[in-house]
Amino acid sequence: MQRYFVPADQFDEQEVRITGEDARHISRVMRSRIGDQVIACNGQSLDVLVEITELAEGVVTASIVERLEQHGEPVVFVTVAQSLPKADKMESVIQKCTEIGASSFLPFLSERTVVQYDERKEVKRIQRWSKIAKEAAEQSHRSRVPQVDSPVSWKQLLKQFADYDLICFCYEKENGHQLRDVVQPFAESLLLTKETTAAKAIRVMIVVGPEGGFSEQEVEAAEASGAIVTGLGRRILRTETAAMTALACIMYETGEMNANKG
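A brief structural summary. (Residues numbered from 1 in each chain as written. Predicted model: local features only at pLDDT ≥ 70, side-chain atom pairs only at ≥ 80, totals over all residues. Heavy atoms only, no water.)

### Thoughts on the sheet that holds strand β7 (residues 104-108)
Item 1. The strand order β8-β7-β6-β10-β9-β11 describes an open sheet built from six strands, whose pairing is parallel. Of all strands in the sheet, those bounded by a partner on one side alone are β8 (147-148) and β11 (228-230). (Pairing = 2+ DSSP bridges. Helix = DSSP H or I, 4+ residues; strand = E, 2+ residues; numbered from the N terminus.)

Right, dumping it as structure tokens:
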């Protein structure tokens with residue numbers, strides 16, 4: 001069933017008002033009629049089954065039929081920190097990692113970042129990325145839309161490490177720690193009891209470099225700031241592939257690939 005994210009202020013106890021592009025999608029693309037049902041999410045803690053009661057220009061009104069249980073959100077909050085890649089690769093990272101289960105995205109600038117960062121284009125770019133995250137979350141039946149933050153500097157990224165329980169710093173030259181060796185004991189020791197996750201959100205960050213990788217100085221700085229430098233196997237992955245691969249591994253080891261979890 002089609003799912004739409006609706007701002008919380010457009011919910012009340014009995015009805016939901018869906019506006020903008022989503023309203024046009026319902027009426028013009030889906031060709032929905034009075035009596036059809038869709039799912040509306042406020043992006044926080046409420047998913048409801050609604051029945052369309054009115055179709056107007058730019059506004060769809062629907063009555064709430066029932067509240068739904070949320071099953072689409074991981075027990076682990078994973079931030080994908082991605083050094084800005086070239087072309088539209090960041091869009092692919094956001095789309096696919098949202099489907100896999102990422103909770104937020106943090107673009108950053110590193111020593112070998114090729115992209116010329118332009119602050120004047122930042123607002124439109126963040127809007128574009130946020131729209132991609134929203135559409136991917138709807139498609140994959142998520143209950144929350146991942147947050148897409150504005151790009152930060154390398155030093156700003158390092159300061160954020162202290163907010164996470166585990167930082168997996170993906171580095172192609174790492175011959176010691178492999179991702180599974182790091183994530184598996186972490187999952188076994190900290191996760192996967194409802195009491196733990198209810199009391200404290202478990203936060204993990206995946207850090208992925210640009211096309212040219214990280215410099216040795218950056219690797220040393222990341223380790224000094226608390227990151228665990230990890231390899232992703234014997235093959236060299238593209239920057240957009242690395243983020244997806246690391247995230248999928250974390251989701252697997254933390255039980256998120258089990259369709260019967262919960």
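Don't stop here, the text continues.
### Quick look at helix α1 (residues 20-29)
Item 1. Residues Asp22, Ala23 and Ile26 constitute the buried set of α1. Mapping the buried residues of α1 onto a view down its axis gives an arc of 100 degrees, with all of them on the same face. Exposed residues on α1 whose side chains face more than 90 degrees from its buried face are Glu21 and Val29.
Item 2. Those residues of α1 that are buried are in contact with β1 (3-5), β2 (15-19), β4 (47-56), β5 (59-68) and α3 (122-139).
Item 3. Phi turns positive, to about 55 degrees, at Arg31, one or two residues after α1. (Buried < 20%, exposed > 50% of the residue type's maximum accessible area, 1.4 Å probe, protein only. Arc of directions from axis to C-beta. Contact = heavy atoms within 4.5 Å.)

### Observations concerning the nonpolar core
Item 1. Ranked by size, the top nonpolar core spans 32 residues in total, and within it Val78, Ile94, Cys97, Phe105 and Ile206 carry the most contacts.
Item 2. Taken together, the elements giving at least two residues each to this core come down to β6 (76-83), α2 (89-100), α3, β9 (166-170), α5 (179-190), β10 (202-208) and α8 (239-253).
Item 3. The contacts of Val78, once residues within four sequence positions are left out, are Ala102, Ser103, Ser104, Val204, Ile206, Leu247, Ile250 and Met251.
Item 4. Core analysis: the next-biggest nonpolar cluster, separate from the first, contains 19 residues, Leu158, Phe161, Tyr164 and Tyr171 among them. (Core = buried A, V, L, I, M, F, W, Y, C linked by side-chain atoms within 4.5 Å.)

### Some points on the packing of α2 against α8
How two helices sit against one another is set out by the angle between their axes and by the gap between those axes.
Item 1. Running from N to C, α2 and α8 point in directions that differ by 10 degrees, and their axes come no closer than 9 Å. If you check the angle between α2 and α8, you find them roughly parallel. Within the contact between the two elements, α2 uses Lys89, Ser92, Val93, Lys96, Cys97 and Ile100 and α8 uses Thr239, Glu240, Ala243, Met244, Leu247, Ala248 and Met251.
Item 2. Class assignment of the residues belonging to the contact of α2 with α8 gives a composition of eight nonpolar, two polar and three charged. (Axes fitted to C-alpha atoms, helices over the stretch in contact; angles between N-to-C directions. Parallel < 35°, antiparallel > 145°, perpendicular 65-115°, else oblique. Nonpolar A, V, L, I, M, F, W, Y, C, P; charged D, E, K, R; others polar.)

### Focus on the sheet that holds strand β3 (residues 37-41)
Item 1. Strands sit in the order β1-β3-β4-β5-β2 across an open sheet of five strands; the sheet is mixed. Either end of the sheet is taken by a strand with one partner, and the two such strands are β1 and β2. Pairwise comparison of adjacent strand axes, ignoring direction, gives a mean angle of 40 degrees for this sheet.
Item 2. Where β1 lies against β3, three bridges are found, and the strand directions are parallel. What sits directly across from Arg3, in β3, is Ile39.
Item 3. The sheet contacts of α1 involve β1, β2, β4 and β5, and relative to β2 the element is tilted by about 95 degrees.

### Concerning the packing of aromatic side chains
Item 1. For the structure on display, the rule yields five aromatic pairs.
Item 2. Here Trp154 and Phe169 contribute two aromatic rings whose centre-to-centre distance is 6.3 Å and whose plane-to-plane angle is 70 degrees, an arrangement assigned as edge-to-face. On the criterion of sequence distance, the pair formed by Trp154 in helix α4 (residues 154-160) and Phe169 in strand β9 is long-range, its members being 15 residues apart. Like Phe169, Trp154 is buried.
Item 3. Taking 5.9 Å as the distance between ring centres and 45 degrees as the angle between the ring planes, the aromatic pair formed by Trp154 and Phe214 counts as tilted. Residue Trp154 is located in helix α4, and its partner Phe214 is located in the loop between β10 and α7 (216-224); the two are separated by 60 residues in the primary sequence. (Phe/Tyr/Trp six-rings, centres within 6.5 Å; stacked < 30°, edge-to-face > 60°.)

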